[in-house]
Amino acid sequence: MGAAFLSSWPWDNLGFFKYVLYGPLVGKALASRAWEPASPDHWLCLLLALFALRAFTYQLWSSYSNMLFLTRRRRIVRDGVDFEQIDKEWDWDNFLILQILMASTALYAFPSLRHLPGWNTAGFAVAAVLHVAATEPLFYVAHRAFHGDHLFARYHAPHHSIKVPTPFTAGFATPLEHMVLGALMALPLAGAYAAGVGSVGLAFAYVLAFDFLRAMGHCNVELFPGGLFRSLPFLRYLIYTPTYHTIHHAGKKANFCLFMPLFDRLGGTLDATSWELQRKNRAGMDEVPDFVFLAHVVDVMQSMHVPFVMRTFASTPFAVRAFLLPLWPIALLFMFMVWAWSKTFIISYYHLRGKLHQIWAVPRYGFHYFLPFAKDGINDQIELAILRADRMGVKVVSLAALNKNEALNGGGTLFVNKHPDLRVRVVHGNTLTAAVILNEIPKGTTEVFMTGATSKLGRAIALYLCRKKIRVMMMTLSTERFQKIQKEAAAEHQQYLVQVTKFQSAEQCRTWIVGKWLSPREQRWASPGTHFHQFVVPPILGFRRDCTYGKLAAMRLPKDARGLGSCEFSLERGVVHACHAGGVVHFLEGYAHHEVGAIDVDRIDVVWEAALKHGIRPV
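Position numbers for residues count from 1 along each chain, tracking the sequence in the order it is written. Where local features are concerned, this predicted model is filtered to residues with pLDDT of at least 70; where side-chain atom pairs are given and counted, the filter is 80 or more; whole-chain, interface and lining totals use all residues. As a convention, hydrogens and water are excluded, and side-chain values are obtained from all of the structure's heavy atoms.

Looking up the chain in an unreviewed UniProt entry gives the name aldehyde oxygenase (deformylating), with the organism given as Hordeum vulgare subsp. vulgare. UniProt annotates the chain under Sequence similarities (unreviewed entry) with the comment "Belongs to the sterol desaturase family." UniProt positions are given in the numbering used here, feature names are shortened, and annotations may be inferred rather than shown by experiment. Listed under Subcellular location (unreviewed entry) in UniProt, the entry text for the chain is "Endoplasmic reticulum membrane".

Quick look at the structure:
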């Protein structure tokens with residue numbers, strides 16, 4: 001059986017090119033200078049502005065609902081939004097294309113609509129009456145009809161396939177549903193126009209208010225004060241709440257109204273628990289995570305790669321995109337604001353094996369870690385986050401990237417030594433990072449060249465490889481640091497550790513392990529066919545076309561991880577940095593020790609096997 005009529009969008013296969021459908025309107029507006037009030041096509045400018053504001057309304061609600069540092073306690077459905085749902089809702093704005101075509105068709109059919117006055121107060125009263133008397137009851141009837149077996153299976157089921165309501169869920173429906181909704185939304189405006197009291201102001205106010213309430217009802221965050229409906233009981237029937245509409249999404253048998261529960265009361269479909277659940281959701285509930293990954297921002301551009309800025313962008317690996325450039329000044333301002341006032345805050349979360357894992361962000365950017373005067377402030381932020389996690393009952397805190405920098409806090413030893421009674425385990429995760437890099441080196445390799453060789457990771461990798469009788473050329477100018485590491489190796493293995501001070505020494509070596517930034521000039525010394533393994537942050541630029549470049553050490557989380565909906569920097573979906581995965585392994589294994597300071601080389605294979613045992617796989 002084929003798809004039902006108007007159950008799919010005709011431009012589904014166009015992808016991003018669907019926006020070309022705005023082209024004729026935009027082209028005509030530009031050709032006629034529609035932004036000038038005297039232009040006969042000024043209505044086009046107003047129409048395009050209205051629909052841009054409509055899209056912006058949903059985006060703002062999406063940003064708010066994803067600001068977990070503000071909303072997490074009052075979230076109604078506690079599961080995270082996963083990649084599958086994000087992909088379903090990717091084209092949530094299809095209805096805006098449909099409805100702007102409907103609106104422009106009406107404006108061409110009735111030319112007098114293009115010359116409405118800017119404001120007419122009487123029109124608001126007429127529209128309000130028609131909304132209550134016509135739009136609300138007709139929507140209620142239509143919505144219940146869409147829940148009938150025939151129409152539900154063919155049209156309404158996709159909307160209800162969404163597990164966690166979001167503002168974009170409001171737009172995730174079939175063309176027929178949005179045509180009906182568009183017609184019902186137009187009724188009050190048409191009535192005001194027919195009565196001679198229509199205006200541009202009314203069109204903007206009513207349509208944007210309509211979208212505002214639709215997005216609010218799907219935002220999955222309870223907003224209304226708990227005592228409001230006890231103090232003013234009649235309000236229960238005049239305005240719905242996010243809890244009220246979420247009950248409809250969950251059960252599908254009650255709470256069918258558009259915005260006014262009055263019609264559910266009259267139709268006998270009002271869920272009696274709606275207000276008690278609303279009160280509980282508004283009161284909020286604290287959830288204690290078992291595991292926290294303590295991250296930080298890389299740079300201003302990457303700061304926009306979070307769900308509360310653009311959820312769809314955050315769900316793909318980070319890359320600099322053209323549409324980000326106009327937002328850069330705003331992101332820069334945000335950087336100064338969080339630097340001045342913010343404390344560590346939650347970015348996202350997921351569930352694994354029934355346990356809550358959260359990602360927190362230290363409000364510092366990559367360059368801050370290299371400012372001498374910022375060191376103490378960064379450590380204060382990390383320390384406060386660890387102590388907060390300890391008070392909450394978190395089991396493991398894993399430090400990301402520069403948060404465990406040896407020069408900053410000794411790989412976390414500063415906090416463990418300062419607070420010896422910590423119940424939370426502090427983990428740098430570098431043992432698994434070393435294991436990932438080591439397991440990427442092809443079997444049969446006899447020689448490697450390494451920069452950053454005397455760093456914490458470099459030391460562990462070098463000592464591990466020399467045990468395997470692989471010659472390690474350790475690039476360092478410090479003979480003292482080299483000899484200290486060499487003496488840690490067994491006497492029979494020390495010969496495999498060789499200090500080099502120039503890149504020319506690696507001309508014939510095709511396995512480079514990069515722990516310190518390499519300039520294009522330094523990369524020139526590598527022979528063709530060289531592969532660059534990396535543990536340097538940020539990754540080096542891929543300058544050589546005749547060489548290959550590995551990504552930062554990372555692992556794929558187990559398949560039963562639920563609620564994953566954002567990518568970790570430039571990594572693929574479901575993939576996290578090895579230090580993140582190392583913290584997860586530490587938690588799943590129930591290790592009682594802190595993993596801070598120097599890497600225990602003897603534990604590299606142990607941690608690697610533990611990761612594989614728990615379904616954490618190499619990329």
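Read on, since the account is not over.
Student: So what's going on with the packing of aromatic side chains? Residues and values would help.
Tutor: Two aromatic rings from Phe, Tyr or Trp, using only the six-membered ring of Trp, form a pair when their centres are within 6.5 Å; if the ring planes differ by under 30 degrees the pair is stacked, by over 60 it is edge-to-face, and anything between is tilted. For the structure shown, the criterion picks out 31 aromatic pairs. Measuring from ring centre to ring centre gives 5.4 Å for phenylalanine 16 and tyrosine 19, while their planes differ by 65°; the resulting arrangement is edge-to-face. Between tryptophan 119 and phenylalanine 124 the ring centres are 4.7 Å apart and the planes differ by 35°, which places this aromatic pair in the tilted class. Relative accessible area serves as the criterion here: at 26%, phenylalanine 124 is assigned to the partly exposed category. An aromatic cluster of at least three residues, connected via ring pairs, comprises Phe449, Phe503, Trp512, Phe532 and Tyr549. In our convention, an over-ring charge means Lys NZ or Arg CZ found within 6 Å of a ring centre and within 35 degrees of that ring's normal. It is arginine 144 that lies over the ring of phenylalanine 256; its NZ or CZ is 5.6 Å from the centre. Relative accessibility thresholds used throughout: buried, under 20% of the residue-type maximum; exposed, over 50%; partly exposed, between the two (1.4 Å probe, protein chains only).

Student: Describe empty space enclosed by the protein, and please don't skip the residues or the numbers.
Tutor: The definitions used throughout rest on a 1 Å grid laid over the protein atoms alone, on which a cavity is an enclosed set of points accommodating a 1.4 Å probe that cannot get out and a pocket is an open set flanked by protein within 12 Å on both sides along at least five of seven lines; lining residues are those having an atom within 4 Å of a point. Grid points are joined across faces, edges and corners, and a volume is the space filled by probe spheres set on the points. A full pass over the atoms with the stated rule returns 4 cavities of 30 Å³ or more. One number sums up the size of the largest cavity: a volume of about 270 Å³. Elements with a minimum of two residues in the lining of the largest cavity: α6 (121–146), α7 (149–160), α8 (175–194) and α11 (242–251). Across the lining of the largest cavity, the residue classes break down as 11 nonpolar, 9 polar and 2 charged. Secondary structure counts use DSSP, requiring at least four H or I residues in a row for a helix and at least two E residues in a row for a strand, with both numbered from the N terminus. By the convention adopted, Pro, Cys, Tyr, Trp, Phe, Met, Ile, Leu, Val and Ala count as nonpolar, Lys, Arg, Asp and Glu as charged, and the other residues, Gly among them, as polar.

Student: Got a sec to walk through the layout of surface pockets? Specific residues and values, please.
Tutor: Looking at the second largest pocket, its volume works out to about 1400 Å³. For the lining of the second largest pocket, the elements supplying multiple residues, two or more each, are α2 (42–65), α14 (311–314) and α15 (328–341). Per-element accounting of the lining of the second largest pocket gives the leading share, 8 residues, to α2. Of the residues belonging to the lining of the second largest pocket, the class tally is 27 nonpolar, 6 polar and 5 charged. Domain assignment of the residues forming the lining of the second largest pocket places at least three in each of domain 1 (12–283) and domain 2 (291–427 + 556–618). Domain delimitation follows an automatic or database domain assignment.

Student: Can you lay out the UniProt feature "domain: Very-long-chain aldehyde decarbonylase CER1-like C-terminal" (unreviewed entry) in the chain for me, pointing to particular residues and giving the numbers?
Tutor: Summarizing the sequence annotation, UniProt attributes the feature "domain: Very-long-chain aldehyde decarbonylase CER1-like C-terminal" (unreviewed entry) to residues 448–618 in the numbering used throughout. Split by type, residues 448–618 is 28% helix and 20% strand. Its first and last C-alpha atoms lie 21 Å apart.

Student: Please set out the pattern of salt bridges residue by residue, giving values where relevant.
Tutor: A pair is scored as a salt bridge if a Lys or Arg side-chain nitrogen falls within 4 Å of a carboxyl oxygen belonging to Asp or Glu. Here the structure, examined in full by the defined rule, presents 21 salt bridges. With a closest N to O distance of 3.4 Å, glutamate 287 and arginine 78 form a salt bridge. Pair noted here: glutamate 287 is in the loop between α13 (274–283) and β1 (291–297) and arginine 78 is in the loop between α3 (68–71) and α4 (83–88), with a separation of 209 residues, a long-range link. Across the salt bridge formed by arginine 544 and aspartate 546, the nearest N and O atoms sit 2.8 Å from each other. Owing to a relative accessible area of 12%, arginine 544 belongs among the buried residues under this scheme. Here the salt bridges share partners, and the residues they tie into one network are Lys18, Asp91 and Asp93.

Student: Please provide a residue-by-residue account of the UniProt feature "domain: Fatty acid hydroxylase" (unreviewed entry) in the chain, values included.
Tutor: UniProt annotation of "domain: Fatty acid hydroxylase" (unreviewed entry) refers to residues 129–269 when read in the numbering used here. Structurally, residues 129–269 comprises 62% helix and 0% strand, and the distance from its first C-alpha atom to its last is 23 Å.

Student: I'd love a proper account of the side chain of arginine 54, names of residues and values included.
Tutor: Locating arginine 54 in the fold gives a position in helix α2. Look at arginine 54 and you get buried, because its relative accessible area is 2%. Polar contacts involving the side chain of arginine 54 include one to the side chain of glutamine 99, which spans 3.0 Å. Among all residues touching arginine 54, those that are not within four sequence positions of it are Phe95, Leu96, Gln99, Met185, Val207, Leu208 and Asp211. Polar contacts here mean pairs of N or O atoms no more than 3.5 Å apart (in protein, one a potential hydrogen donor and the other a potential acceptor; neighbouring residues in sequence count only if both atoms are side-chain atoms). Any two residues whose heavy atoms approach within 4.5 Å at even a single point are treated as in contact.

Student: Explain the sheet that holds strand β6 (residues 447–451) residue by residue, including any values.
Tutor: Backbone hydrogen bonds are what pair the strands of a sheet, in a parallel or an antiparallel way. The 6 strands are arranged β8-β7-β6-β9-β10-β11 in an open sheet whose pairing can be described as parallel. Of all strands in the sheet, those with a lone pairing partner are β8 (497–500) and β11 (548–552), marking the two edges. Here the average twist between neighbouring strands, direction ignored, is 20°. Helix axes are fitted to C-alpha atoms over the stretch in contact, other axes to C-alpha atoms as well, and angles between N-to-C directions run from 0 to 180 degrees. Of the strands in this sheet, β7 (471–475) and β8 are in contact with helix α21 (residues 479–488), which crosses β8 at around 175°. Should DSSP find at least two bridges between two strands, the strands are regarded as paired.

Student: So what about a nonpolar patch on the surface? Which residues, and what values?
Tutor: A contiguous nonpolar surface patch, about 390 Å² in accessible area, is contributed by Leu14, Phe17, Val20 and Leu21. With respect to the helices, strands and loops of the structure, leucine 21 is situated in the segment before α1 (23–31). With a relative accessible area of 32%, leucine 21 lands in the partly exposed category. Residues forming no salt bridge and having over 30% relative accessible area are the ones grouped into patches, like charges within 9 Å of each other and nonpolar side chains (Val, Leu, Ile, Met, Phe, Trp, Tyr) within 5 Å. To measure how exposed things are, a 1.4 Å probe is used in the Shrake-Rupley method; for residues, cover is taken only from the protein chains shown.

Student: I'd like a rundown of the sheet that holds strand β5 (residues 425–427), residues and numbers included.
Tutor: Here 5 strands make up an open sheet; going across it, the order is β2-β3-β1-β4-β5 and the pairing mixed. The open sheet is flanked by β2 (345–352) and β5, the only strands paired with a single partner. Ignoring which end each strand starts from, the neighbouring axes of this sheet average 25° apart. Summarising the sheet, β1 and strand β3 (residues 355–365) pair through 7 bridges and their orientation is parallel.

Student: Please provide a residue-by-residue account of the packing of α11 against α13, values included.
Tutor: For the pair α11 and α13, interaxial distance at closest approach is 8 Å and the crossing angle is 120°. Here α13 runs oblique to α11, going by the angle between their axes. With respect to the hand of their crossing, α11 and α13 are arranged in right-handed fashion. Along the contact surface, α11 presents Thr243, Tyr244 and Ile247, while α13 presents Ser274, Trp275, Leu277, Gln278 and Asn281. Of the residues contributing to the contact of α11 with α13, the split by class is 4 nonpolar, 4 polar and no charged. By the definition adopted for this analysis, an angle is roughly parallel if under 35 degrees, roughly antiparallel if over 145, roughly perpendicular if from 65 to 115, and oblique otherwise. Throughout, a crossing is termed right-handed when the near helix is turned clockwise from the far one, and left-handed when it is turned anticlockwise from it by less than a right angle.

Student: Give a description of the pairing of β7 that names residues and reports values.
Tutor: Among the 5 residues that make up β7, 4 are buried, leaving the element largely enclosed by the rest of the structure. Across 4 bridges, β6 lies against β7 in parallel orientation. The residue of β7 that forms the bridge with phenylalanine 449 is methionine 473. Note: β7 against β8, 4 bridges, orientation parallel. Its bridge partner being in β8, valine 472 is matched across the sheet by leucine 497. Here the term right-handed applies to a crossover when the path leading from its first strand over the helix to its second strand runs clockwise, the strands being oriented away from the viewer. With α21 bridging β7 and the parallel β8, this β-α-β connection has right-handed handedness.

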